[in-house]
Amino acid sequence: MIPLEIASKKNLLAFSAGIDSTALFFILLENNIPFDIAIVDYNLREQSKDEVIYAHQLAIKYNKQIYLKEYPQNLNFSEKSARDFRYNFFEELIQFYKYQTLLTAHQLNDKLEWFLMQLSKGAGLVELIGMKKIDIRDNIKYLKPLLEYSKDQLQEYLDNKNIRYFIDE
């Protein structure tokens, strides 16, 4: 599941405290993969403050560096603006702190959703195949180690280990 070559790399985990990123957090720990975490608070839900607190608690407990950025309230929120904001933040951290890999917790359901979204747009083969486990852009390695696992499998993993996670209502 996790490529062992990242065991000797400086890795940054895109964290949200949801099922996917929490599962990846603990899978990385189990595999002795070094990583720090970055979280964005969009300030859209009351629960987001609890997610940030939980991220800080995990960082302290497991000796991880944590980076937090709040989405500016003066920016109109859209999925695209949120994604751009989030990835700009991650890329700034990667450049400044010399991380070698950005780990994201995209899973099988995300891959299927991407496929259907691209198909509905009339996309070509390249776009349909789109979501790859490893992608390199602008000298940044993006790794999605959970693409072969469903959200249900990740939730079962967390539930079996009695690990706390949040569900975005």
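Every value quoted in this text rests on a predicted model; they were computed, and no experiment measured them.

For the protein chain, the helix and strand inventory stands at six helices and six strands. Secondary structure of the protein chain in N-to-C order comes out as β-α-β-α-β-α-β-α-α-β-β-α. Residues classed as buried in the protein chain amount to 43% of the 169 residues present. Carbon and sulfur atoms make up 51% of the accessible area of the protein chain, which totals about 9,800 Å².

The next point concerns the packing of aromatic side chains. Counting across every chain of the model gives 17 aromatic pairs. Arranged with centres 5.7 Å apart and planes meeting at 75°, the rings of tyrosine 42 and phenylalanine 77 form a pair that is edge-to-face. Taken together, the residues tyrosine 42 in the loop between strand S2 (36-41) and helix H2 (47-61) and phenylalanine 77 in the loop between strand S3 (66-70) and helix H3 (79-97) connect sequence positions 35 residues apart. Taking the relative accessible area as the measure of exposure, tyrosine 42 reaches 19% and is therefore buried. Given a relative accessible area of 37%, phenylalanine 77 falls into the partly exposed group. Aromatic rings pair up to connect Phe15, Phe25, Phe26, Phe35 and Tyr62 into one cluster.

What counts, and at which threshold
- Residues numbered from 1 in each chain as written.
- Predicted model: local features only at pLDDT ≥ 70, side-chain atom pairs only at ≥ 80, totals over all residues.
- Heavy atoms only, no water.
- Helix = DSSP H or I, 4+ residues; strand = E, 2+ residues; numbered from the N terminus.
- Buried < 20%, exposed > 50% of the residue type's maximum accessible area, 1.4 Å probe, protein only.
- Areas by Shrake-Rupley, 256 points an atom, 1.4 Å probe, with all protein chains shown as cover.
- Phe/Tyr/Trp six-rings, centres within 6.5 Å; stacked < 30°, edge-to-face > 60°.

Function-wise, these values are silent; they only describe arrangement.
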